[in-house]
Amino acid sequence: MPAGFLFSINSDTEKAVVDTVRRYIDKGMYSTLISTQWNLPAMSTLGDYINMSVGDNVYFFGKRMIFGIGEIVDVLGTGDAAFEVYKGASSPQFNPPKDAIVTLKERERTERWGIVFKPSPHFFLQPIDMDDLLNSKPSAFRSLRTFQKRSFIQLDDEENAAFKAALIRKNEEVLNGTKPIEDSVFPCRYQETIRMIHQRMASQEEPRPIKLNDAISEARVDTAVKKEMLVEIALLHAIKHNEPTAVEAFGKWDYIAHQVAASPFKPIDYMDKIDVFAYRWITGYRGEIISKYAVIEIKKGEADLSETSSSTDYDQLMKYVDWVCDQYAHGDYSMIEAYLVANSFSIDNHSRMRDTVARSYVTGHNATTHYWDQFHLVEYRAHPDGTITFHQG
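Residues numbered from 1 in each chain as written. Predicted model: local features only at pLDDT ≥ 70, side-chain atom pairs only at ≥ 80, totals over all residues. Heavy atoms only, no water.

Caption draft 1: Representation of the overall build of the chain within the structure. From N to C terminus, the chain includes eleven helices and 21 strands. Radius of gyration (C-alpha) of the chain: 22 Å, near the 21 Å computed for a compact globule of 393 residues. Considered along the principal axes of its C-alpha atoms, the chain spans approximately 65 × 55 × 40 Å. Across the 393 residues that make up the chain, the buried fraction comes to 50%. Of all intrachain contacts in the chain linking residues separated by at least 6 positions in sequence, the fraction that spans at least 24 positions is 70%. Carbon and sulfur atoms provide 47% of the accessible area of the chain, an area that totals close to 18,700 Å². Taken as two groups, the 44 positive and 55 negative side-chain charges of the chain have centres that lie 4 Å from each other. (Helix = DSSP H or I, 4+ residues; strand = E, 2+ residues; numbered from the N terminus. Rg over C-alpha atoms; globule rule 2.2 N^0.38 Å. Buried < 20%, exposed > 50% of the residue type's maximum accessible area, 1.4 Å probe, protein only. Contact = heavy atoms within 4.5 Å. Areas by Shrake-Rupley, 256 points an atom, 1.4 Å probe, with all protein chains shown as cover. Lys, Arg positive; Asp, Glu negative; His and termini not counted. Charge placed at Lys NZ, Arg CZ, Asp CG, Glu CD.)

Caption draft 2: Local environment of the packing of aromatic side chains. Inspection of the entire model under this criterion finds 29 aromatic pairs. When the ring of phenylalanine 7 is compared with that of phenylalanine 60, the centres are 5.9 Å apart and the planes differ by 40°; the resulting orientation is tilted. Within this pair, whereas phenylalanine 7 is found in strand β1 (residues 4-8), its partner phenylalanine 60 is found in strand β3 (residues 57-62), the two being separated by 53 residues in sequence. Judged by relative accessible area, phenylalanine 7 falls into the buried class, the value being 0%. Taking the centre distance of 5.1 Å and the plane angle of 50° together, the rings of phenylalanine 7 and phenylalanine 152 count as tilted. Of this pair, phenylalanine 7 sits in strand β1 while phenylalanine 152 sits in strand β9 (residues 152-155), and the two are 145 residues apart along the sequence. Three or more aromatic residues joined by ring pairs make a cluster, and in this case those are Phe5, Phe7, Tyr24, Tyr30, Tyr49, Phe60, Trp113, Phe117, Phe123 and Phe152. Across from the ring centre of tyrosine 328, 3.9 Å away, lies the NZ or CZ of arginine 142, which sits over that ring. Above the plane of the ring of tryptophan 253 lies arginine 280, whose end atom (NZ or CZ) is 3.7 Å from the centre. (Phe/Tyr/Trp six-rings, centres within 6.5 Å; stacked < 30°, edge-to-face > 60°. Lys NZ or Arg CZ within 6 Å of the ring centre and 35° of its normal.)

Caption draft 3: A look at the nonpolar core. In this structure, Phe60, Ile115, Phe250 and Phe390 are the most contacted members of the largest nonpolar core, which totals 76 residues. With nine residues, the single largest contributor to this core is helix α8 (residues 228-240). With near-sequence residues (within four places) excluded, phenylalanine 390 lies in contact with Val231, Ala234, Leu235, Ala238, Thr245, Ala249, Phe250, Val341, Val378, Glu379 and Tyr380. (Core = buried A, V, L, I, M, F, W, Y, C linked by side-chain atoms within 4.5 Å.)

Caption draft 4: Up close: the environment of proline 121. Take proline 121: it is sitting in the loop between β7 (107-119) and β8 (128-129). Among the residues examined, proline 121 registers a relative accessible area of 40% and is labelled partly exposed. In this structure, the C-alpha to C-alpha distance between proline 121 and aspartate 26, residues 95 residues apart in sequence, is 15 Å.

Caption draft 5: The arrangement of helix α6 (residues 190-202) in detail. Taking 1.5 Å of rise per residue, the 13 residues of α6 would be expected to cover 18 Å, and the 18 Å separating its terminal C-alpha atoms lies within 8% of that figure. Buried residues of α6: Tyr190, Thr193, Ile194 and Ile197, and no others. Across the axial projection of α6, the buried residues extend over an arc of 100°, all falling on one side. Turned more than 90 degrees off the buried face of α6, the exposed positions are Gln199 and Ala202. Those residues of α6 hidden inside the fold are in contact with α1 (14-27), β2 (29-35), β4 (65-73), β5 (83-84) and β7. (Expected span 1.5 Å × (residues − 1). Arc of directions from axis to C-beta.)

Caption draft 6: Region of the structure containing the environment of alanine 161. Tracing the backbone shows alanine 161 in helix α4 (residues 157-170). Once the C-alpha coordinates of alanine 161 and histidine 237 are considered, the two residues, 76 residues apart in sequence, prove to be 25 Å apart.

Caption draft 7: Representation of the packing of helix α2 (residues 40-51) against α8. Contact pair α2 / α8: the axes reach a minimum separation of 9 Å and the direction vectors enclose 10°. When the interaxial angle is binned, α2 and α8 end up roughly parallel. Residues Leu40, Met43, Ser44, Leu46, Gly47, Ile50 and Asn51 of α2 lie in contact with α8, whose contacting residues are Met229, Leu230, Ile233, Leu236, His237 and Lys240. Class assignment for the residues of the contact of α2 with α8 results in eight nonpolar, four polar and one charged. (Axes fitted to C-alpha atoms, helices over the stretch in contact; angles between N-to-C directions. Parallel < 35°, antiparallel > 145°, perpendicular 65-115°, else oblique. Nonpolar A, V, L, I, M, F, W, Y, C, P; charged D, E, K, R; others polar.)

Caption draft 8: Inspection of α4 at higher detail. Spanning 14 residues, α4 covers 20 Å between terminal C-alpha atoms, matching the ideal 20 Å at 1.5 Å per step. Two or three places before glutamate 158, at the opening of α4, aspartate 156 has a side-chain oxygen 3.2 Å from that residue's backbone nitrogen. (Polar contact = N/O pair within 3.5 Å; in protein donor to acceptor, adjacent residues only side chain to side chain.)

Caption draft 9: Molecular detail of the sheet that holds strand β20 (residues 375-382). Read from one edge of the open sheet, six strands run β12-β13-β14-β16-β20-β21, paired in mixed fashion. Unpaired on one side and paired on the other, β12 (255-261) and β21 (388-392) mark the two borders of the sheet. Here the strands of the sheet are splayed against their neighbours by 30° on average, with no regard to which way each runs. With five bridges joining them, β20 and β21 adopt antiparallel strand pairing. Considered in β21, the bridge of arginine 381 is made with threonine 389. (Pairing = 2+ DSSP bridges.)

Now the structure itself:
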């Protein structure tokens, strides 16, 4: 079951939204216009693109209307969904071509990363209204309710399935043949876009696979990095690609996201966010049932574990664990693994920390009490070649 991504169209009128959606779908390609400067929003957006997987679904949103359904394809043949639109776009020193720079609200922007998508099964001309979507399965929508000040958001498997079901029900007459397909769907020439990209690759031009080495090397100080978001991005990349040290430290995960809201609904600027959130399916079963959740908190330097601190880093992580237990695991702490990632740890009182993070919970009709202690410390190391490795303590 795939996850999905909802891309925002910032246009003034419904007609302008439809025209913009039509242009994206016709080409079968999406790329965010982002700052030419290497800043925190750019790094966070890179993390979002790293999270995209081949087969994930694509939707567009504007003026209360949601359009779909697309499916991301592997255009470079690397197994990855996203790519650098211009070679070196993931480097802090990236200098985009002059004809690739546009000015919006007096700020220069360019395309750094992109995806190519195909209809799945169609991009329907008839959208679904935001309220109708939310009412179709209220419990499924978590990310959509926090969609603000973002170019796009990631949808987990449950939320994506709800998006897809609502759009397909809305367009059932197209699928059963009551309405002619040619009058009911957007044309999508994604194959032409793929051919164009392959021609550019054959001539040693862009696009290229995403590379993190330059960004990590520039921010490296000894074995640490100066930007916490870079550790987060490297971790996303390592888990997604099952890099050996990440598998050893964290295990394998089927879905991964970052900056996931972890607080009751309130203004987006005041919401707590989990650095990295993941889940894995039960192995040995052909369906997709969640086995475990991962909650990961990241610190770029030494973690604050001092017993004299009013709030330690493990207190912060456990707040997110409690939230995930309540909102996702329905009170079952055994479904959660927690990880605190830092460049180093200095523990004043190890037993106090263990007592603080321990949780007891009750399951079953016999009210059996269990104790949870799946709390792990993981050190990261930045290396001169621009890679980051992870090692569980």
